[in-house]
Number of protein chains: 2
Amino acid sequence: MLLKIDRGAKMPLRRQIETGTKRLIDQGALRPGETLPPSRELARRLGVNRSTVYQAYADLQAQGYLLSRPGSYNVVQARRKEVAYDPDRRGMFDWARLSTAGARAAHDANLALASGAASHRPDKGRIVDFASLEVDPRLYPLAEFRSVVRRVLAESGRDALRYGELKGYLPLRAGIARRLRLHGISVSEDEILITSGSQEGLDLLIRLLCPQGSRVAVEVPTYARFLPLLALNGVEPVPVPMTPAGMDLDALERVLEAGRIRFVYSMPNFHNPTGITTQHAHRERLLSICQTRGVPLLEDGFEEDMKYFGKVPLPLKSIDTRGVVIYLGTFSKALFSGLRIGWVTADRDCIDRLAAVKRFSDLGMSPLTQMAIERFCRLGFYDLNLKRIHRVYRRRLTVTLEEMDRRMPKNVTWTRPVGGYTLWVKLPRKIGAAELRGHLAGYGIAATPGAEFFPGGRPSEYLRLCIARPDEDEIRTGIRRLGQALAALPL
Amino acid sequence: MLLKIDRGAKMPLRRQIETGTKRLIDQGALRPGETLPPSRELARRLGVNRSTVYQAYADLQAQGYLLSRPGSYNVVQARRKEVAYDPDRRGMFDWARLSTAGARAAHDANLALASGAASHRPDKGRIVDFASLEVDPRLYPLAEFRSVVRRVLAESGRDALRYGELKGYLPLRAGIARRLRLHGISVSEDEILITSGSQEGLDLLIRLLCPQGSRVAVEVPTYARFLPLLALNGVEPVPVPMTPAGMDLDALERVLEAGRIRFVYSMPNFHNPTGITTQHAHRERLLSICQTRGVPLLEDGFEEDMKYFGKVPLPLKSIDTRGVVIYLGTFSKALFSGLRIGWVTADRDCIDRLAAVKRFSDLGMSPLTQMAIERFCRLGFYDLNLKRIHRVYRRRLTVTLEEMDRRMPKNVTWTRPVGGYTLWVKLPRKIGAAELRGHLAGYGIAATPGAEFFPGGRPSEYLRLCIARPDEDEIRTGIRRLGQALAALPL
C-alpha cells in the first residue's frame, strides 16, 4: 500500500489517510476484496497514533469504501454506484392539469415574483436594493446568538432535537406573553402558538376560518404575499381602500354589511406597503365595528417593535376585551429574517384549534431555534439589539426623508412613516410592474412596483421603497438615482 | 446607593450589579427620576472594572429600568407596567362554529390524541413506552451535531439567519440528490424540495393535487397522522387493505377503476404500523398499475435507511422512468426527530409547484438547521451514526422478536419486520382504543391501539408496538408485561 502522509500539510493526518486511501481505491490501486493493513500496523508504518488510523478507517467504512470483517480486518468494498442523472427525461404527467386551482394561482404568483427578482439581481453589481424587506444582515447580533445556541446545545441538546410541544416551547411562549403584557395585551402562555414566521400564522388562520369560496376584508394596498396565500386557499379578498389615516372605516362598514366576511386583515403599525400608522381613535372605531358585526379582526403586528419617532398607540389587541382580535407577531422584522419564528395570540380555544391545524400540517416546530431565541431574549440581548437597530434605522429613515425632500420631482409624493421600513411613493401616472422595474434597473435601483400590493396586480401609480437593506450612503446614492429615474419617467 | 457585591459568589459581578440595582428599584429604594452614579464612580466604589458597571447599566437600560440621558447619566425610569392576565375572561366568538369542517375534524383528532397521550404518561413512573415513534434521544450524536452547528454559525452565521432559497439550501439538496442516486434514484438538486419534516411534504402534496371533496387511495391500516391531514384538507381516503405482502394490488386496481383517485399513498419499507416490507415484484406491479391508470404514486420512504436484516429492494422511485412516483424522505427517523427536515423529490415541474405552495404558506425554511445537517452529512457523521444505531436497533428488534416468541399467549400473532421500529400485533378480539390503552396502562406499558390507523378509528383487533424508545432491558420488561396483559385481556 502506497499511502503517504505529509506532516507539514494543513490537512489533519486522519483526513490525509482517509483521502489517500480513497484515491488508491478510486484509481484501482486497491481493488474490491483486498485487505487493508491492521490499524496497529499501518499506524506503526506511518508513524502516527493508532487511533488516528482507526478513525480514518471508521470514516471510510461509513462512506462505503471499506467493509469491516470479524477480527477487524478492513476489506475494500465494491462501491455502490450512483445512477446517472438524465436531464432530458420527461415525465408522463401534466402537473398544471393535475394541480388544484389554488395551487395553480400560487404557481403563477411565484413565477411573477421570480421573474421580477431576476430582472434586477440586487446582489450583483452596484444596484441599490430598495426592494428587500429583510433586516440588514450587517446588523445581526451574531456573537450573542452564537453564544446562546452553544449554551442551548450544551445544556439541553437532547430536548432541542426531540419533538417539541405542539404550541411551541413553553418558556418562549411565557416570555412572549410577558412581553405582550408590557404592550398592554392581557394574555397567558396558553393563548400563544409559535409559528414558522407570521406567514404560517396567516396560513393557519385562513385554513381555520375560511372555507373555499369565502371572503375576507383586506386593506388595499396590502402585504403582497397575503394575496397569493388567499388564492392558494381559494379565498376571495374584498378590498377596503387605505386612506392616509389607515383603512377607510366607512368602506369597511359597507363591506361588512354587504356580505359574509370571515375576518378583517389589518396592519395598524407601519402598514406594508404604505408605512401608515393609525391613531388610537381609528383603532377604537375599527375594533368596535368588528365587534358589533361579530367578525374576527386579524391584527398583523409584524413590526410592532420598530418605532423610531414619537409615541405609537398600543395594539388593537390591548383594547380588545371581547376576544375579537387575533394578533400576529414575529422575530423576522426586528432580529433575524430567516429564523422563521413568529406567533399568534387569540382566545384560548382559537389557539387550540390553530394548533390542531398545525399538528397535522407539520407536527410542530423544531425546539432548537425556539430555545435559542428564548435564551437570547431572557438574557436581554433582544432588547439591547432593538435599541441598537432603532438608532441605525432612525438615522436611515431620517436620511431617506431628507433625501426624498431634496431629490424628488415636484409631481411625486410619498408617506412619512414613524417606524418600520417602507415608504409609499406616488408617481405622476400609472405604470405596469415590469416596465417600472426595468426603468428603475436602468438607473441602478431596485424597488417594488405598487401593482404587487393590489389584488389582480393591475398597473398602479405607486412604488414601495424599502430601507431595510441599504445603509445611509447607499440610501443617498439610491434616492439620487430614484430622483433622476422618476424625472425621466416616460409620460 | 446601597449596592453590595460578593466576590466569593458564583454569579458574575456584572449580573450582581444588575440584579442588585433592580432590587433597589423594585423595593422603591431607588425611585423614578433618581440619577445613578456614573459608571466610573460606581466602579471605583465597588472596586470593579468600569466596563463591568457599564455593561450592567446597558443591561438595565435594555430591560427598561434605566434611561440613558445626554452626558451618559443613568436615570431610574418609571417602568412600563404589565397588564394583568384575567383567566376568567370569555371571548364573544364560538370558534367551533367559525371553523371550517376540515379544521373541526383536525381539532377532534387532536383532542383524541391528547386524551390518549394523557392516559399513560410514559415519562412518569415506570411505564415502558412502546407508543412513541421517536429515535431514542439517548442515541443522539450530540457532540458531532454541536460541532457542526458551531462551525456553521462561525463560518456562515449571516447566511444561516437570512431568508434562504425557496427549495431549500442548495448544498443540502445536492447532497440528498447524490445520496438518492446511490439508492438508484436518478435525480438532480432541482428536483428536490426541503420540507419541515415529511409531514409538511404530505400536506403540500395534498394542497397541490387534491381539491376539496376529492379522493386518494390509502393503505389500511396506514400512518395515523395522515388520516386527519386528509380530513383537514377535505379529502376522502379510499381504503386499500394491507396483506402480508403489502398493499392488496387487486383491490387497488378495483379502486382505481371505480373512480377518480388523485394519488395513491404507500409505504413500501417497514410500513407504519404493520412493519411490512414489500418485495421487488410487488413494487413493479404497483408502479405499473399507477402508470397504466395515470395516477401519481406517493412513496413515503420515511425509514428508507433503517434496514437491519438482509437485503431490502430498491425504492419504487428507482424503477420509475416516467415520473409517476413522488418520493418523500426525512431525517426524523434516522437522526433527530425534532429537527424537522424532510424532502420531496419528483418531476421538476411538480417540485416547482410544491415550492410555490410552500412559498406562500410559510416563505420557506430556516437555513440554519439545513446548513447544520448538510455539514453533518458531508463530514460522514450521518453514515457513522447510521451504522451505530443500526447495531443498536438490530439488537433491540432481535430481543423483541425473541421475547415475543417466549411471552405471547397462543392466540396472539405479530409481524416480523426486517427494519424500522414497528410490529403489528393481532389480538384475539376487537377492542376499543380507550379500553385497550387503559388495560395496558394497568400493566405498566404504553402502546398504540390499532384503531388509530384505520379511517374512522373503529375498534380493531390490532396493536402497534414501537421499539424506537425502550432499550433492550426495557423491551424485556415491557414484553413480559404485555404477555401478562394480553393473557388477561377480558374476552
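Calculation criteria
- Residues numbered from 1 in each chain as written.
- Chains lettered and ligands numbered in written order.
- Predicted model: local features only at pLDDT ≥ 70, side-chain atom pairs only at ≥ 80, totals over all residues.
- Helix = DSSP H or I, 4+ residues; strand = E, 2+ residues; numbered from the N terminus.
- Buried ≥ 20, exposed ≤ 12 C-beta atoms within 10 Å, placed from the backbone.
- Contact = placed C-beta atoms within 7 Å.
- Pairing = 2+ DSSP bridges.
- Axes fitted to C-alpha atoms, helices over the stretch in contact; angles between N-to-C directions.
- Parallel < 35°, antiparallel > 145°, perpendicular 65-115°, else oblique.
- Left-handed = near helix turned anticlockwise from the far one by under 90°.
- Nonpolar A, V, L, I, M, F, W, Y, C, P; charged D, E, K, R; others polar.
- Domains from an automatic or database assignment.
- Expected span 1.5 Å × (residues − 1).
- Arc of directions from axis to C-beta.
- Core = buried A, V, L, I, M, F, W, Y, C linked by C-beta atoms within 7 Å.
- pLDDT = per-residue confidence, 0-100.
- Least-squares fit on C-alpha atoms with pLDDT ≥ 70 in both.

Peer 1: How should the overall build of chain A be read in this particular structure?
Peer 2: The helix and strand inventory of chain A stands at 16 helices and 17 strands. With the principal axes as the frame, chain A shows a C-alpha extent of 85 × 55 × 55 Å. Here chain A holds 491 residues, and the buried ones make up 51% of them. For chain A, the proportion of contacts with a sequence separation of at least 24, taken over those separated by at least 6, is 72%.

Peer 1: Help me understand the sheet that holds strand 14 (residues 422-431) of chain A in this model?
Peer 2: Each strand in a sheet pairs with its neighbour through backbone hydrogen bonds, running either in the same direction (parallel) or in the opposite one (antiparallel). Residue and element names in this part refer to chain A. Strand order in this open sheet of four strands is 13-14-17-16, and the pairing throughout is antiparallel. Looking along the sheet, the strands with just one partner apiece sit at the ends: strand 13 (413-414) and strand 16 (448-449). As defined by bridge partners, strand 13 adjoins strand 14 across two bridges and the pair is classed as antiparallel. Across the sheet, residue Trp414 finds its bridge partner in strand 14, namely Val425.

Peer 1: Whenever I open this one, the packing of helix 1 (residues 13-26) of chain A against helix 3 (residues 50-62) of chain A confuses me. Can you help?
Peer 2: The description of two packed helices rests on the angle between their axes and on the distance between the axes. Residue and element names in this part refer to chain A. Interaxial distance between helix 1 and helix 3 falls to 8 Å at its minimum, and their mutual angle equals 45°. The angle between helix 1 and helix 3 places the two elements in the oblique class. At the point where helix 1 passes helix 3, the crossing takes the right-handed sense. In this structure, helix 1 contributes Leu13, Arg14, Ile17, Glu18 and Thr21 to the contact, and helix 3 contributes Thr52, Val53, Gln55, Ala56, Asp59 and Leu60. Each residue belonging to the contact of helix 1 with helix 3 can be placed in one class, and the counts come to five nonpolar, three polar and three charged.

Peer 1: Sorry, what's going on with the domain arrangement of chain A here?
Peer 2: Much of the literature gives interface size as the accessible area that the parts lose upon coming together. Residues and elements named next belong to chain A. Segmentation of chain A into domains returns domain 1 (13-76), domain 2 (101-138 + 385-487) and domain 3 (140-379). Using only C-alpha atoms to locate each centre, domain 2 and domain 3 end up separated by 24 Å. Taken together, the contact between domain 2 and domain 3 spans 29 residues of the former and 35 residues of the latter. At the level of elements, helix 5 (101-120), helix 14 (381-407) and strand 14 are the ones that each hand at least two residues to the side of domain 2 that touches domain 3. Partitioning the side of domain 2 that touches domain 3 into residue classes produces 17 nonpolar, eight polar and four charged.

Peer 1: Looking at this model, I keep getting lost on helix 11 (residues 280-293) of chain B. Mind explaining?
Peer 2: Residues and elements named next belong to chain B. Taking 1.5 Å as the rise per residue, helix 11 with 14 residues should run 20 Å; its terminal C-alpha atoms sit 20 Å apart, in good agreement. Within helix 11, burial applies to Arg283, Leu286, Leu287 and Cys290. In a view along the axis of helix 11, the buried residues occupy a sector of 95°, so they form one face of it. Exposed residues lying more than 90 degrees from the buried face of helix 11 are Ala281 and Thr292. Elements in contact with the buried residues of helix 11: strand 8 (246-247), helix 10 (249-258), strand 9 (264-266), strand 10 (297-300) and strand 11 (325-330). One or two positions beyond helix 11, positive phi appears at Gly294, with a value near 70°.

Peer 1: How should the nonpolar core be read in this particular structure?
Peer 2: Within soluble globular proteins, side chains that are nonpolar tend to cluster in buried spots. Of all hydrophobic cores here, the largest spans 262 residues; its most connected members are Leu297 of chain A together with Leu297 of chain B. Among residues more than four places away in sequence, those in contact with Leu297 of chain A are Phe263, Val264, Ser266, Leu286, Leu287, Cys290, Leu316, Val324 and Val325 of chain A.

Peer 1: It is not clear to me how the confidence of the model for chain A should be interpreted in this structure. Could you clarify?
Peer 2: When pLDDT is averaged across chain A, the result is 92; 97% of the residues are at 70 or more. On the interface metric, ipTM, the complex scores 0.88, and its pTM is 0.89.

Peer 1: What am I meant to see in the environment of Leu139 of chain B here?
Peer 2: Residue and element names in this part refer to chain B. Along the chain, Leu139 falls in the loop between strand 4 (128-129) and helix 6 (142-161). Residue Leu139 is classed as partly exposed on the basis of its 15 C-beta neighbours within 10 Å. The spatial distance from the C-alpha of Leu139 to the C-alpha of Lys430 is 36 Å, given a sequence separation of 291 residues. With residues up to four places along the chain from it excluded, the contact list for Leu139 reads Ile389 and Val392.

Peer 1: What is the right way to read the sheet that holds strand 10 of chain B from this model?
Peer 2: Residues and elements named next belong to chain B. The sheet built from eight strands is open, its strands ordered 5-12-11-10-9-6-7-8 with mixed pairing. Pairing within the sheet leaves two strands with one partner each, and these edge strands are strand 5 (192-195) and strand 8. In the packing of helix 7 (residues 170-182) onto the sheet, the strands contacted are strand 5 and strand 12 (342-345), and the crossing angle to strand 5 comes to about 115°.

Peer 1: What am I meant to see in the relation of the copies chain B and chain A here?
Peer 2: There are two copies of the chain, and a rotation about an axis plus a shift along that axis relates them. Screw-axis analysis of chain B against chain A gives a translation of 0.0 Å along the axis, an RMSD of 0.1 Å, and a rotation angle of 180°. Given the turn and translation reported, the copies of this chain are related as if by a two-fold rotation axis. Within chain B, Arg150 of chain B has its C-alpha nearest the rotation axis, a separation of 3.6 Å. Most of the interface of chain B is mirrored in chain A, where 100% of its interface residues again form contacts.

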